[in-house]
Amino acid sequence: EDDFQFICCEDCGKESPNLKLLTCLHTLCLSCLSKNKSVGQCPMCQTAIPQASSIPNMDNLLFTNLQARLEIYKKIIDGVDLLCGYCKKAGEFWCPECEEFLCTGCFEAHQHYMKRESHKATRVMDIRAGSAKEFLKGTRKTSNLFCSNPTHKNQVVSIYCRMCKRALCCSCALLDSHHTLFCDIASETQRRQEELGTIRQQLQQKRRGLEATYAGLQAEAAQLERSQREMRELIRQRVEQLVGLVRREEEELLGLVEAGQEQGRRELTRELERVEGVLRRLEAGERLVEKMNLYATEQEVMDMQPFIKDSLEELQQLQPPMVGDRTQPGDLAECRARLQAL
């Protein structure tokens, strides 16, 4: 179960049939999105949700479909309701293409009539002996795209037109003279997976740079706190040497230090929060691309890849803030001058 926690809502950690993919590439259920509707931000990285309703349009098809396939796996492991989809006898085989359990008799008929198809039924006992990852890889369909043209609804989509960026069946490709620059769906799916993989590698480099920036900002914040503590100690040591008449001067100096440091602290806090949010988005992007590569069907790649690509390319445009450019507030210089005068 630990291997597949990623298919749950990233906010509440629960499984949901209504998972939405945000532009920051975090995945949330409708319940969590509704709770954050008034804020209009992702609760994980505080990125604004661009939709007016705060409910994204993109369903996370990969995660919801994985949930459904894992439910079948759980039934097989538990041995519950494993009935043949045809005669209702005890199911001994599972066909991922038909999505049906088969008894021994129906399995033999299935093998006879489907011998020219790519249907490969597996013994339930063999599935139990394997892992969930093996089951999911074995149930990835390669021919589950059908033509959107209502007159060709039974036609399997096998061609991709790069000019109009649409998946087509053979009939559409032959009848429509506007379609050119064809390639097969498998090649286009592979190209899209490779495109996401290339962006992921680029983002990994960017993430390392942002992690270095984040560490630098943390070090700068620690240095700022050390400088503040040192200045406070110096002020107290000097003031304690003076008579009670100058105690009021001590309070004024401490006030100057606090005021000078507050602005720098606020700026650093904002920068840290922004970089932390970007890091979380990068982590979400890397994780999603990895899971797409491992488990996504062609339908899921075709539906989700453009949306994911846009979000990843937006991340590529982000520039990390510069570390170490901030100068000491002028209030500290004034403090030192007044201490010297004392």
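These figures come from a predicted structure and were not determined experimentally.

**Let's talk about the overall build of the protein chain**
Okay, so step 1: Each helix and strand in the protein chain was counted, giving 10 helices and eight strands.
Okay, so step 2: Across its three principal directions, the C-alpha atoms of the protein chain cover 105 × 55 × 35 Å.
Okay, so step 3: Counting over 342 residues, the protein chain shows a buried share of 40%.
Okay, so step 4: Long-range contacts, defined as pairs at least 24 residues apart, comprise 61% of the intrachain contacts of the protein chain with a sequence gap of at least 6.
Okay, so step 5: With an accessible surface of roughly 19300 Å², the protein chain has 48% of that area assigned to carbon and sulfur atoms.

**Here we look at the sheet that holds strand β7 (residues 166-168)**
Okay, so step 1: One open sheet holds the three strands; their spatial order is β7-β6-β8, and the pairing between them is antiparallel. The open sheet has two edge strands with one neighbour each: β7 and β8 (182-184). Across the sheet, the mean angle separating the axes of adjacent strands is 35 degrees when strand polarity is ignored.
Okay, so step 2: Of the pairings in the sheet, the one linking strand β6 (residues 159-161) to β7 comprises three bridges and is antiparallel in character. Looking at the pairing, C161 lines up with R166 of β7.

**Considerations on the packing of helix α2 (residues 61-78) against helix α9 (residues 298-317)**
Helices that pack against each other are described as a pair by the angle of their axes relative to one another and the distance between those axes.
Okay, so step 1: Across the interface, α2 lies against α9 with an axial gap of 9 Å and an inter-helix angle of 155 degrees. Taken together, the axes of α2 and α9 lie roughly antiparallel to each other. The segment α2 lies against α9, with L61, L62 and N65 engaging E300, D303 and M304.
Okay, so step 2: Its residues placed into classes, the contact of α2 with α9 shows three nonpolar, one polar and two charged.

**A closer look at the sheet that holds strand β4 (residues 100-102)**
Okay, so step 1: Here we have three strands laid out as an open sheet, ordered β4-β3-β5, and antiparallel in their pairing. Looking at the sheet topology across the chains shown, the edges are occupied by β4 and β5 (122-123).
Okay, so step 2: The pairing of strand β3 (residues 93-95) with β5 spans two bridges and is antiparallel. Of the residues in β5, the one forming a bridge with F93 is R123.

**A short note on the packing of helix α7 (residues 185-240) against helix α8 (residues 247-295)**
Okay, so step 1: Put simply, α7 and α8 touch, their axes get as near as 8 Å, and they point 165 degrees apart. In terms of orientation, α7 lies roughly antiparallel with respect to α8. Where α7 crosses over α8, the handedness of that crossing is left-handed.
Okay, so step 2: A breakdown of the residues in the contact of α7 with α8 according to their chemical character gives 21 nonpolar, eight polar and 17 charged.

**Some details on the pattern of salt bridges**
Okay, so step 1: Taken as a whole and assessed by the stated rule, the structure comprises 17 salt bridges.
Okay, so step 2: With a closest N to O distance of 2.8 Å, R191 and E188 form a salt bridge. Here R191 pairs with E188, and both are found in helix α7, just three residues apart, close to one helical turn.
Okay, so step 3: With relative accessibility at 1%, the residue E188 sits in the buried group.
Okay, so step 4: E271 is the partner of R274 in a salt bridge, and the nearest nitrogen-oxygen pair spans 3.8 Å. You can see R274 and its partner E271 sitting in helix α8, three residues apart, about one turn around the helix.
Okay, so step 5: Residue class for E271 comes out partly exposed when judged on its relative accessible area of 21%.
Okay, so step 6: A single network of salt bridges, built from pairs that share partners, joins E188, R191, R192, E195 and K309.

About the criteria used
- Residues numbered from 1 in each chain as written.
- Predicted model: local features only at pLDDT ≥ 70, side-chain atom pairs only at ≥ 80, totals over all residues.
- Heavy atoms only, no water.
- Helix = DSSP H or I, 4+ residues; strand = E, 2+ residues; numbered from the N terminus.
- Buried < 20%, exposed > 50% of the residue type's maximum accessible area, 1.4 Å probe, protein only.
- Contact = heavy atoms within 4.5 Å.
- Areas by Shrake-Rupley, 256 points an atom, 1.4 Å probe, with all protein chains shown as cover.
- Pairing = 2+ DSSP bridges.
- Axes fitted to C-alpha atoms, helices over the stretch in contact; angles between N-to-C directions.
- Parallel < 35°, antiparallel > 145°, perpendicular 65-115°, else oblique.
- Nonpolar A, V, L, I, M, F, W, Y, C, P; charged D, E, K, R; others polar.
- Left-handed = near helix turned anticlockwise from the far one by under 90°.
- Salt bridge = Lys/Arg side-chain N within 4 Å of Asp/Glu carboxyl O.

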